[in-house]
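Observations on the model geometry
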Amino acid sequence: MITDPLLFDDPCVLFALRRESAPFLRLFPVQQRFPGAPCRARFCGPSWLTVLVLETGVGADYAGRALDWLFGSPLLDNVPYRPKLVLSAGFCGALKPGYRVGDVVVAEEVVAAGKTWPVPWPGFLAAGEWQPPLHRDRLLCVPHLVGAVEDKRALAAQHGAGVVDMESAAVAEACRRADVPFGCVRAVSDDCQTPLSPKLVACLNGGRVAPLRLLAATAASPGLVPQIWRLARQTRHAAEQLALALGELLTLTLPWTTGE
């Protein structure tokens, strides 16, 4: 246990992709880089609301590597960092009707491979009008993108989940082991009625989205181009809504005074 009274304890937000984090970084401008991280790591936001933002790459393996570093008490200017809270943030897919692209889901619990993790943060949300509106639901974590409509319906029925992503279970488990509060905020980037082509899913399933792979796929299958443009519009809207929700949640639900 770290007993040094000098301790960085800002919250940490994990995104898989820069496309997910970009609007948030416009609201919380970058202050400085955290050297030595296995992924892009930067302190962002004003001095009274500083957040460490990590961009880990897609999937549990990339998230796990970043979390091993994060919970190893990395040093910044010889001062250890330990997050007061870790948030899994980014896109999710809808598994049931009722969710539209851009809807923001605050997970109540995360399920994966027969295991369930509670999500303690933010707990009770104050009454009032949150903008954008927040939905509470169970989130399923799987190791691959889900593109077929019938697969989405089957997963919803099997797990009782409303949305799905690829990283949150790894984050939840690492936070449980480290005894660090965990939260999960996701924005819907694709609904449950619209399928994704298996070829497009294959391009997006790697650890990082590769533009050259997408170009090769569209050259071989020009019919993918409308899907790619649609997905680009949807993810841009989802990321913008996610940034607004994260900013409001972080501002209104956490104590920012030192020592609280």
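Residues numbered from 1 in each chain as written. Predicted model: local features only at pLDDT ≥ 70, side-chain atom pairs only at ≥ 80, totals over all residues. Heavy atoms only, no water.

**Quick look at the pairing of strand 1 (residues 12-15)**
Under the convention used in this document: The buried label goes to any residue with under 20% of its type's maximum accessible area, the exposed label to any with over 50%, and the partly exposed label to all in between, with areas taken from a 1.4 Å probe on protein chains only. Strands here are runs of E lasting at least two residues and helices are runs of H or I lasting at least four, both read from the DSSP assignment and numbered beginning at the N terminus. Pairing between strands requires that DSSP locate at least two bridges from one strand to the other.
Here strand 1 shows a buried face lined by Cys-12 and Leu-14 and a second buried face lined by Val-13 and Phe-15. The pairing of strand 1 with strand 4 (residues 51-55) spans 4 bridges and is parallel. When the bridges of strand 4 are listed, Phe-15 appears paired with Glu-55. The pairing of strand 1 with strand 7 (residues 86-94) spans 3 bridges and is parallel. Paired with Val-13 across the bridge in strand 7 is Leu-87.

**Quick word on the pattern of salt bridges**
The line we're drawing: Any Lys or Arg side-chain nitrogen found within 4 Å of a carboxyl oxygen on Asp or Glu counts as a salt bridge.
Taken as a whole, this structure holds 10 salt bridges when the rule is applied. Between Arg-138 and Glu-109 there is a salt bridge, and its shortest N-O distance comes to 2.4 Å. Of this pair, Arg-138 sits in strand 10 (residues 134-141) while Glu-109 sits in strand 8 (residues 104-112), and the two are 29 residues apart along the sequence. Look at Arg-138 and you get partly exposed, because its relative accessible area is 26%. In this structure, the salt-bridge partner of Glu-173 is Arg-177, at a minimum N-O distance of 3.5 Å. One end of the pair, Glu-173, and the other, Arg-177, are both in helix 4 (residues 168-178), 4 residues apart, so they sit about a helical turn from each other. Take Glu-173: its relative accessible area is 17%, and that puts it in the buried class. Linked by salt bridges that have partners in common, Arg-18, Arg-40, Arg-42 and Glu-55 make up one network.

**Remarks on the pairing of strand 3 (residues 40-44)**
With 4 of its 5 residues buried, strand 3 lies for the most part within the structure. In terms of strand pairing, strand 2 (residues 30-33) meets strand 3 through 3 bridges, oriented antiparallel. The residue of strand 3 that forms the bridge with Val-30 is Cys-44. Between strand 2 and strand 3, which pair antiparallel in sequence order, lie 6 residues; one of them, Gly-36, sits at a positive phi of approximately 90 degrees.

**A closer look at the environment of Arg-136**
To keep it simple, the criterion reads: In the analysis that follows, any N or O atom pair within 3.5 Å is treated as a polar contact, provided that within protein one partner can donate a hydrogen and the other can accept it, and provided that, for residues neighboring in sequence, both atoms belong to side chains.
The residue Arg-136 is located in strand 10 in this model. On a C-alpha basis, the gap between Arg-136 and Val-105 in space is 5.7 Å, while along the polypeptide they are 31 residues apart. A polar side-chain atom of Arg-136 sits 3.2 Å from the main-chain carbonyl oxygen of Gly-123.

**Section: the side chain of Ser-168**
Definition in use: We call two residues in contact when some of their heavy atoms are within 4.5 Å.
Checked against the element boundaries, Ser-168 lands in helix 4. For Ser-168, a relative accessible area of 0% translates into the label buried. Polar side-chain contacts of Ser-168 include one of 2.7 Å to the side chain of Ser-88. In contact with Ser-168, other than residues within four places in its own chain, are Ser-88, Val-110, Leu-139, Cys-141, Phe-182, Cys-184 and Arg-186.

**Comments concerning the packing of aromatic side chains**
As a reminder, the rule being used: Aromatic pairing here means that ring centres of Phe, Tyr or Trp (its six-membered ring) are within 6.5 Å. Orientation follows from the plane angle: under 30 degrees is stacked, over 60 is edge-to-face, and everything else is tilted.
What the rule picks out here adds up to 6 aromatic pairs. Ring plane angle 15 degrees and centroid distance 4.5 Å describe the contact between Phe-24 and Phe-28, whose orientation is recorded as stacked. Each member of the pair, Phe-24 together with Phe-28, is buried. Taken together, a centroid distance of 5.9 Å and an interplanar angle of 75 degrees make the contact between Phe-43 and Tyr-81 edge-to-face. Separated by 38 residues along the polypeptide, Phe-43 in strand 3 and Tyr-81 in the loop between strand 6 (79-80) and strand 7 bring together distant segments of the chain.

**Quick word on helix 4**
Across the 11 residues of helix 4, 8 count as buried, placing the element largely inside the fold. Of all the positions in helix 4, only Ser-168, Ala-169, Val-171, Ala-172, Glu-173, Ala-174, Cys-175 and Ala-178 are classed as buried. Asp-179, located one to two residues past helix 4, shows a positive phi value of around 60 degrees.

**A closer look at empty space enclosed by the protein**
For the record, the criterion: Here a cavity is any set of points on a 1 Å grid over the protein atoms alone where a 1.4 Å probe fits but cannot get out, and a pocket is any open set with protein on both sides within 12 Å along at least 5 of 7 lines; a residue lines the site when it has an atom within 4 Å of a point. Grid points are joined across faces, edges and corners, and a volume is the space filled by probe spheres set on the points. Gly is placed with the polar residues, together with every amino acid not listed as nonpolar (Ala, Val, Leu, Ile, Met, Phe, Trp, Tyr, Cys and Pro) or charged (Asp, Glu, Lys and Arg).
Across all of its chains, the model carries 1 cavity of 30 Å³ or more by this definition. Estimates place the volume of the largest cavity at around 40 Å³. Surrounding the largest cavity, Leu-14, Phe-15, Ala-16, Thr-56, Ala-63, Ser-88, Ala-89, Glu-167, Val-171 and Arg-186 form its lining. Every element with two or more residues in the lining of the largest cavity is listed here: strand 1 and strand 7. Classifying every residue of the lining of the largest cavity by side-chain character gives 6 nonpolar, 2 polar and 2 charged.

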